[in-house]
Amino acid sequence: MDITKNNFIEQLPLIRETIRNATFFAMDCEFTGLASDRTIMPFDTPEEVYLKMVENSPQYIIVQFGLCAFRVEPPAEEQKDTEPRVSYKCYNFFCYPKGRANVFSCQGESMRFLADNGFDFNRLFREGLSYANEIEEQRYRADLKERQATRAATILAAAEEESSEADSKVDEMTEVNAIPVPAELQQQVDDTAASIEEFLQSDRPDLIVGNANAFHRKLIYQMIEQRFQRKISTSSVSLENNQKAIKVERKRSYEQEQALDEQRRVQENEDLEMKIGMSLVLQELSKARKLIIGHNMLLDLFYVLRQFFQPLPVDYQEFKKLTKEYFPLLLDTKYLCTNAEIKVDVNSSVLAHVYDAVSKAPFSIPTIHAEMPDHQYSVDDKKLHEAGYDAYFTGVCFLGLISRFKVNLMHLHKDTTLKPYLNRIFITRLNDVNYMYLNGKEPSQSREHIFYVTFPENWRTTDIQIKFKPFGPVHVSWMDSTSGFVSLHNRNAASSVLKKIGYHAGFKVYSFAQFTQMKLQRSGTKRGRIGSGSPGDGNGAGVRCAQPVDKSSREEKGEKESQKIDHPAGTSVKRKGDKDEDQPPAVKEHDEDDGAGWKTVKKARKTFTDNNDW
């Protein structure tokens, strides 16, 4: 079922009930852009991946959120040997930020991709649900509470003004604080006053005063307060063209004013729910504390937390804590596909390929019933890249995958087979620790057998393998056309690589420890700090170059070699003189630092005399 601003208020109670009654969920999102993974390297740590995502992720947003709620019911008493009954409800939410203050980024390729797959952008822009993070929601609620309290106090004060002395005092204060009416607007104010006089002589229930901007309306309110204070009541209304207007009615009693105010409160609270919109659904999903399934769901989580809850922390451990606070039970089917028994029969973890694999033995997909026709999808009627369908498809593949094991569908989060896969979020492009573990630390890996290499542009994988042939079989991970990583299968040979590898012009080998040091130096430079020069893990590693390079050739290649290291790795190497090329790049020491090898670079503050100077 598609959920937009047109049916959100009507469906919200049913959505909340569906979430409360579900056993587990599957979710999927469509975005205006994808955070680039080109800066992610095969041997990055999960923490490095997260920090890169925070640093390099523009304000792309979720424009469609798919949620499929699965409910598992035990078989009837007389059918104990049968499988549990599995039913589902699917929702497809369109999300679009309202207001001038909301700005977001778009990626051309992603928008074209959505268009090619039939995404309805007109519906998104016209009917998309608004949303608010926690800070915005608190502000909206506080503003509304203050507005309603002020109005209630005004109604009460008006009811208490009975004496003519109080009336004259109010009139006197009104005259003192009155806004002067510009000459060109006096006629409009007088015409409005005449219309109100005519209205009071008629039997019409109300009068709508429109065709006025905010300043004009202020003048009209002032005129009404001065001339008709004891005779009429006013309220603000919206016309069909979304223009504001003033509704004039005969003066109401205190009881009538209270009843009208209660109606206003109901409408304002409903408007507030529309303003918070999609965030209310995510809040309900968080409160449920139930298992949520996703496929390659890191980016989905990243955007959901940032868009509907809180700004993402720069600290990796805080991100884990934040994620578990909102969604304590997560399972990524992409990571589940790394299970040894599953990998035998599932050759590709692309979701469509996973479905093809689990559609036949040794897997089996249970019969799944749609609870209502409006919430129904079918794998025979593919709607790929519609978030609701993809959420349903993810849930179906999950049920197919776990059919390989004897899993209790009623208590999935307690199953011993699935426990090693809970809260492990798959990370694309990583070679060894390819997941984030939200419950604790990821395992550390030795990188002594991994080498960062730069080489001529015309080299192929075989050229690199030939250079490493004396050390046994290797795996080459390309970064770009002139750099990559080489991983030795025979780890015992790692200690001799830098000593024995042959020389070739334009070919250099760096230990992974040195590569890490270069990255740290680069990140220190970005922060305006200079590193202390102490190496990371693998202290003492260096660069092997069999022959010295003369100064002229070094100057010719300096810029190119620096680019080879800087571009793929996000790092830079400082070259100084032509001594000690076999050693890690030297790092300058500074006399004035904080005692820990860091130096803060201070810059003069720029002041501006006026806005034009800015």
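Residues numbered from 1 in each chain as written. Predicted model: local features only at pLDDT ≥ 70, side-chain atom pairs only at ≥ 80, totals over all residues. Heavy atoms only, no water.

The name given to the protein chain in an unreviewed UniProt entry is Poly(A)-specific ribonuclease RNA-binding domain-containing protein, and the organism recorded there is Anopheles minimus. Annotation of the protein chain in UniProt includes, under Sequence similarities (unreviewed entry), the sentence "Belongs to the CAF1 family." (UniProt positions renumbered as here; feature names shortened; annotations may be inferred.)

## Concerning the confidence of the model for the protein chain
Considering every residue of the protein chain, the mean pLDDT works out to 81; 81% of them sit at 70 or more. Mean pLDDT per element in the protein chain: helix 20 (residues 551-569) is the minimum at 37, and strand 9 (residues 330-332) is the maximum at 97. Across residues 162-167 the pLDDT falls below 50, and counting only partners more than four positions away or on other chains, this stretch makes two contacts in the model. Every residue in residues 529-614 is under pLDDT 50, and counting partners more than four places away or in other chains gives 126 contacts. (pLDDT = per-residue confidence, 0-100. Helix = DSSP H or I, 4+ residues; strand = E, 2+ residues; numbered from the N terminus. Contact = heavy atoms within 4.5 Å.)

## A closer look at the environment of Glu-30
Topologically, Glu-30 is positioned in strand 2 (residues 24-31). Note on Glu-30: relative accessible area 8%, which makes it buried. A sequence separation of 35 residues divides Glu-30 from Phe-65, and the C-alpha atoms of the two residues are 6.6 Å apart. Leaving out residues up to four positions away in the same chain, Glu-30 has contacts with Ile-61, Ile-62, Val-63, Gln-64, Leu-114, His-385, Glu-386, Ala-387 and Asp-390. (Buried < 20%, exposed > 50% of the residue type's maximum accessible area, 1.4 Å probe, protein only.)

## What to know about the pattern of salt bridges
A side chain of one charge can pair with a side chain of the opposite charge when the charged atoms of the two come close. Inspection of the entire model under this criterion finds 18 salt bridges. One salt bridge in this structure joins Asp-2 and Arg-123, with 2.7 Å as the shortest N-O distance. Here Asp-2, found in strand 1 (residues 2-3), pairs with Arg-123, found in helix 4 (residues 121-127); they are 121 residues apart in sequence, far enough to count as distant. For Asp-2, a relative accessible area of 27% corresponds to the partly exposed category. (Salt bridge = Lys/Arg side-chain N within 4 Å of Asp/Glu carboxyl O.)

## Describing the nonpolar core
When a protein is soluble and globular, its nonpolar side chains tend to lie buried together. Residues Phe-65, Phe-93, Met-278, Leu-282, Val-304, Phe-308 and Phe-327 are the most contacted members of the largest nonpolar core, which totals 66 residues. When residues in this core are grouped by element, the largest group, eight residues, is from helix 11 (residues 298-308). In this structure Met-278 touches Phe-8, Phe-65, Phe-93, Cys-95, Leu-129, Ser-130, Tyr-131 and Phe-308, once residues within four positions along its chain are discounted. By size, the runner-up hydrophobic cluster in this structure holds 47 residues, among which are Cys-68, Ala-357, Val-358 and Tyr-392. (Core = buried A, V, L, I, M, F, W, Y, C linked by side-chain atoms within 4.5 Å.)

## A few points about the packing of aromatic side chains
Remark: the centre distance and the inter-plane angle together describe each pair of aromatic rings, the angle taken between the planes. Applying the stated criterion across every chain yields a total of 39 aromatic pairs. Note on Phe-31 and Tyr-303: the rings are 4.6 Å apart at their centroids and 80° apart in plane angle, and the pair reads as edge-to-face. Of this pair, Phe-31 sits in strand 2 while Tyr-303 sits in helix 11; the two residues are 272 residues apart in sequence, bridging distant segments of the chain. The exposure class of Phe-31 is buried, given its relative accessible area of 9%. Ring centres of Phe-309 and Tyr-326 lie 4.3 Å apart, and the angle between their planes is 35°; on these two criteria the pair is classed as tilted. Of this pair, Phe-309 sits in the loop between helix 11 and helix 12 (316-326) while Tyr-326 sits in helix 12, placing them 17 residues apart in sequence. Taken together, the ring pairs connect Phe-24, Phe-70, Tyr-88, Tyr-355, Tyr-377, Tyr-389, Tyr-392, Phe-393 and Phe-398 into an aromatic cluster. The ring of Tyr-140 has Lys-275 sitting right over it, with the charged end atom 4.2 Å from the ring centre. Over the aromatic face of Tyr-437 sits the side chain of Arg-424, whose NZ or CZ is 3.9 Å from the ring centroid. (Phe/Tyr/Trp six-rings, centres within 6.5 Å; stacked < 30°, edge-to-face > 60°. Lys NZ or Arg CZ within 6 Å of the ring centre and 35° of its normal.)

## As for the packing of helix 1 (residues 8-21) against helix 10 (residues 278-288)
Between helix 1 and helix 10, the shortest axis-to-axis distance is 10 Å and the interhelical angle comes to 15°. Taken as axis vectors, helix 1 and helix 10 run roughly parallel relative to one another. Both helix 1 and helix 10 take part in a crossing whose hand is right-handed. Residues Phe-8, Leu-12, Ile-15, Arg-16, Ile-19 and Arg-20 of helix 1 form the contact with helix 10, whose own contacting residues are Met-278, Leu-280, Val-281, Glu-284, Leu-285 and Ala-288. (Axes fitted to C-alpha atoms, helices over the stretch in contact; angles between N-to-C directions. Parallel < 35°, antiparallel > 145°, perpendicular 65-115°, else oblique. Left-handed = near helix turned anticlockwise from the far one by under 90°.)

## Let's talk about the sheet that holds strand 6 (residues 232-238)
Pairing within the open sheet is antiparallel, and its three strands lie in the order 5-7-6. Of all strands in the sheet, those with a lone pairing partner are strand 5 (207-209) and strand 6, marking the two edges. The sheet shows a mean angle of 30° between the axes of neighbouring strands, taken without regard to direction. Pairing analysis gives three bridges linking strand 5 to strand 7 (residues 244-250), with the strands arranged antiparallel. Each residue of the ladder has a partner; that of Val-209, found in strand 7, is Ile-246. (Pairing = 2+ DSSP bridges.)

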